[in-house]
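Read off the chains here:
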Amino acid sequence: PRPTLDDPKVREEGLLLRRDRALLELLYAAGLRVSELTGLDLVDIEQKERILRVTGKGNKERIVPYGNKAQEALDNYWPLREQLLWQTSGGSVGRRAMLPTEAVFLNYAGRRLTQRSVGRIVKKYVRLVNMNWDLHPHSLRHAFATHLLADGADLRAIQELLGHQSLSTTQKYTHASIRQLMDIYDKSHPHA
């Protein structure tokens, strides 16, 4: 017999932790909007090349890479996803066909996670680590852009990865980094 999510041993293993880890890693690794994350289907992930086909604002599609850590988290999540589908279908193949099995991230009921659910998940982990930060899913997208810029990525490349039409939108994300770079310049450059 298959273990269920009601089984205390299964809960102890933190099965949904695997889902949450995968979605948090992917949000940050690819700089996704929450709507892009919740809209991901299995066909949108090319695991071998570690790229996503993302549908962004204005129904525009873009290709976004993601890293090893996100892939590892996804690899750990896939068995849980299958278990959720199996359990919510009552083990029957016929009923399973009615569920949205193409969605990457699922809730307890085997349905696509909502944007609101992702927001609650992020808040839950902020509380768990006892940080007094007002962190939202979008904060991970902001951190993605900021970290790329801080490590020398070209602003146009960041614009492309984020799916921004306007470079000025990307510059808003990175404004704090630019300020930080200017401070470093002022403190470090001999001719500043």
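A brief structural summary. (Residues numbered from 1 in each chain as written. Predicted model: local features only at pLDDT ≥ 70, side-chain atom pairs only at ≥ 80, totals over all residues. Heavy atoms only, no water.)

1. Quick look at the nonpolar core
At step 1: With 32 residues, the main nonpolar core has Leu26, Leu32, Leu52 and Phe105 as its most contacted residues.
At step 2: Every element with two or more residues in this core is listed here: α2 (15–30), α3 (34–38), β2 (51–55), α4 (68–88) and α6 (115–128).
At step 3: Ranked by the residues each element gives to this core, the list is headed by α4, at eight residues.
At step 4: Setting aside chain neighbours within four positions, we find Phe105 in contact with Arg19, Ala22, Leu23, Leu26, Leu37, Leu74, Tyr77, Arg111, Arg112 and Leu113.
At step 5: Counting six residues, the second largest nonpolar core, distinct from the first, contains Ala145, Leu155, Ile158 and Leu162. (Core = buried A, V, L, I, M, F, W, Y, C linked by side-chain atoms within 4.5 Å. Buried < 20%, exposed > 50% of the residue type's maximum accessible area, 1.4 Å probe, protein only. Helix = DSSP H or I, 4+ residues; strand = E, 2+ residues; numbered from the N terminus. Contact = heavy atoms within 4.5 Å.)

2. What to know about the pairing of β2
At step 1: Because side chains alternate across β2, one face comprises the buried residues Leu52 and Val54, and the other comprises Ile51, Arg53 and Thr55, none of which is buried.
At step 2: Pairing geometry for strand β1 (residues 45–46) and β2, over two bridges, is antiparallel. Across the sheet, Glu46 pairs through a bridge with Ile51, a residue of β2.
At step 3: Where β1 hands over to β2, the hairpin turn is made up of four residues, of which Arg50 adopts a positive phi near 55°.
At step 4: In this structure, β2 lies alongside strand β3 (residues 61–65), joined through five bridges in antiparallel fashion. Looking at β3, one finds that Arg53 is bridged to Ile63.
At step 5: Turn length for the β2-β3 hairpin, with the two strands adjacent in sequence and antiparallel, is five residues, and the turn residue Gly58 shows positive phi of about 65°. (Pairing = 2+ DSSP bridges.)

3. A few points about α6
At step 1: The terminal C-alpha atoms of α6 lie 20 Å apart, and with 14 residues this matches the ideal 20 Å at 1.5 Å per residue to within 8%.
At step 2: The set of residues buried in α6 consists of Ser117, Val118, Gly119, Ile121, Val122, Tyr125 and Val126. (Expected span 1.5 Å × (residues − 1).)

Such coordinate-based values are descriptive only and should not be taken to indicate function.
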